[in-house]
Amino acid sequence: MTNTIYLLLLLFSLNQLPIPTEVALVKVNNGVEKISQTDHSLWSNLLQEHLDKNGFVNYSSFKKDINRLNEYLDYLKYNGPTDGTDRQEKLAYYINLYNAATVKLIIDNYPLKSIKDLRNPWGQRIVAIGNQMISLGDLEHKILRKMNEPRIHFAINCASYSCPKLIDRAFTASNLELLLEQSAVDFINDKSRNIITEDRASLSKIFRWFKNDFTQEGSLREYINRYAHTPLNANTKIDYLDYNWTLNDTK
């Protein structure tokens, strides 16, 4: 164990990589030791310091903390998933990366009224994973959506009022299922994002844009009813609310 830790620290030093604050080693079936989880505690701390109780972001104060945000993003850059990383760990990593990179994009261009004021915000290659630069759009559509987990649409935030709110903690492999379920319930029953009665359901356009993601195992009504406090029936009329792209700023 001692030799393994020494080797890891040496490799980090030689490659000038940021050393995680917590390096957890676990035994796998063949006795080989490996790092078990990415440390997202810095992201949790930043969220707790710069979010209000409604999940809106104090970008003015976050901007003053840009060095810590860059530190977290640099850490993610060099500690991305590998072939041996399990699905829960990968999902948590990519959700946090998406949200942190989006906050960074806003801070780098702050003040502004909407993310859509930026030129091609989801097409810019601003997300670093190892030596690769990808866009937020690539991260969402080519990575996260390919993992067949529709609840990611309640977890990733596009810096706008109608987006699912940010929560004050990072996703991790151990809390992923709990937080995804909580995020689904909160989003679907949030009357500022979905208005559901017995007769009519005015839904977020997220359910129209990504309908195929939600209907892999049944109808959209069935999916909504997994989480809705007021269930939709066969006669409930469905329409979609206008999407508010105003910046999710605390101001």
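Residues numbered from 1 in each chain as written. Predicted model: local features only at pLDDT ≥ 70, side-chain atom pairs only at ≥ 80, totals over all residues. Heavy atoms only, no water.

Colleague: Hey, could you run me through the sheet that holds strand E7 (residues 237-240) in this one?
Modeller: Through backbone hydrogen bonds, the strands of a sheet pair up, either in parallel or in antiparallel fashion. Read across the open sheet, the 3 strands follow the order E5-E6-E7; overall the sheet is mixed. Pairing within the sheet leaves two strands with one partner each, and these edge strands are strand E5 (195-196) and E7. As defined by bridge partners, strand E6 (residues 200-203) adjoins E7 across 4 bridges and the pair is classed as parallel. Across the sheet, Leu203 pairs through a bridge with Tyr240, a residue of E7. (Pairing = 2+ DSSP bridges. Helix = DSSP H or I, 4+ residues; strand = E, 2+ residues; numbered from the N terminus.)

Colleague: Teacher, can you tell me more about unusual backbone geometry here?
Modeller: Glycine aside, negative phi is the norm for most residues, and most peptide bonds take the trans geometry. Across the junction of Tyr110 and Pro111, the peptide omega takes the value 5°, indicating a cis bond. Positive phi values are uncommon outside glycine, yet Asn120 reaches one of about 50°. In this fold, Asn120 is placed in the loop between helix H5 (87-108) and strand E3 (125-129). The phi dihedral of Ala159 falls on the positive side, at around 65°, and the residue is not glycine. As for its position among the elements, Ala159 is in the loop between helix H6 (136-144) and helix H7 (176-188).

Colleague: Please clarify how the packing of H5 against H7 should be interpreted in this entry.
Modeller: Relative orientation and spacing of two packed helices are given, respectively, by the angle between their axes and the distance between those axes. Running from amino to carboxyl end, H5 crosses H7 at an angle of 55°, the nearest separation of the two axes being 10 Å. One way to sum up the angle between H5 and H7 is to call them oblique. Contacts between H5 and H7 involve Gln88, Leu91, Ala92 and Ile95 on the former and, on the latter, Leu176, Glu177 and Leu180. Here the residues of the contact of H5 with H7 sort into 5 nonpolar, 1 polar and 1 charged. (Axes fitted to C-alpha atoms, helices over the stretch in contact; angles between N-to-C directions. Parallel < 35°, antiparallel > 145°, perpendicular 65-115°, else oblique. Contact = heavy atoms within 4.5 Å. Nonpolar A, V, L, I, M, F, W, Y, C, P; charged D, E, K, R; others polar.)

Colleague: Where do I start with the state of the cysteines in this structure?
Modeller: Each disulfide consists of a covalent bond between the sulfur atoms of two cysteine residues. Enumeration according to the criterion identifies 1 disulfide in this entry. The disulfide that involves Cys158 links it to Cys163, with 1.6 Å between the sulfurs. A single burial state applies to Cys158 and to Cys163, both of which are buried. (Disulfide = S-S within 2.5 Å. Buried < 20%, exposed > 50% of the residue type's maximum accessible area, 1.4 Å probe, protein only.)

Colleague: Can you walk me through the confidence of the model for the chain in this structure?
Modeller: Interpretation of this model should avoid reading the predicted coordinates in detail wherever pLDDT is low. Mean pLDDT for the chain: 89, with 86% of residues reaching 70 or above. Per-residue pLDDT stays below 50 along residues 1-36; that stretch engages in 40 contacts with residues further than four places along the chain or on separate chains. (pLDDT = per-residue confidence, 0-100.)

Colleague: What is the right way to read the pattern of salt bridges from this model?
Modeller: Pairs can form between side chains of opposite charge whenever their charged atoms are close. In this structure the tally under the stated criterion is 12 salt bridges. The salt bridge involving Arg145 is made with Asp213; its shortest N-O contact spans 2.8 Å. One end of the pair, Arg145, is in the loop between H6 and H7; the other, Asp213, is in helix H9 (residues 211-214), with 68 residues separating them in the sequence. Several salt bridges converge on common partners, so that one network encompasses Glu149, Arg151, Glu177 and Glu181. (Salt bridge = Lys/Arg side-chain N within 4 Å of Asp/Glu carboxyl O.)

Colleague: Is there a simple way to explain the pairing of E6 in this structure?
Modeller: Successive residues of a regular strand alternate their side chains across the two faces of the sheet. Looking at chain direction, E5 and E6 are connected through 2 bridges and run antiparallel. Paired with Ile196 across the bridge in E6 is Ala201.

Colleague: Hey, could you run me through the nonpolar core in this one?
Modeller: Of all hydrophobic cores here, the largest spans 50 residues; its most connected members are Trp43, Tyr59, Leu69, Ile95, Leu97 and Phe171. Those elements that place two or more of their residues in this core are helix H2 (41-50), helix H3 (59-64), helix H4 (66-78), H5, E3, H6 and H7. It is H5 that contributes the most residues to this core, 13 residues altogether. Sequence-distant contacts of Leu69, that is, excluding residues within four places in its chain, are made with Trp43, Leu46, Phe62, Ala100, Val103, Lys104 and Ile107. Residues Ala184, Phe187, Tyr223 and Tyr227 belong to the second largest nonpolar core, which totals 20 residues. (Core = buried A, V, L, I, M, F, W, Y, C linked by side-chain atoms within 4.5 Å.)

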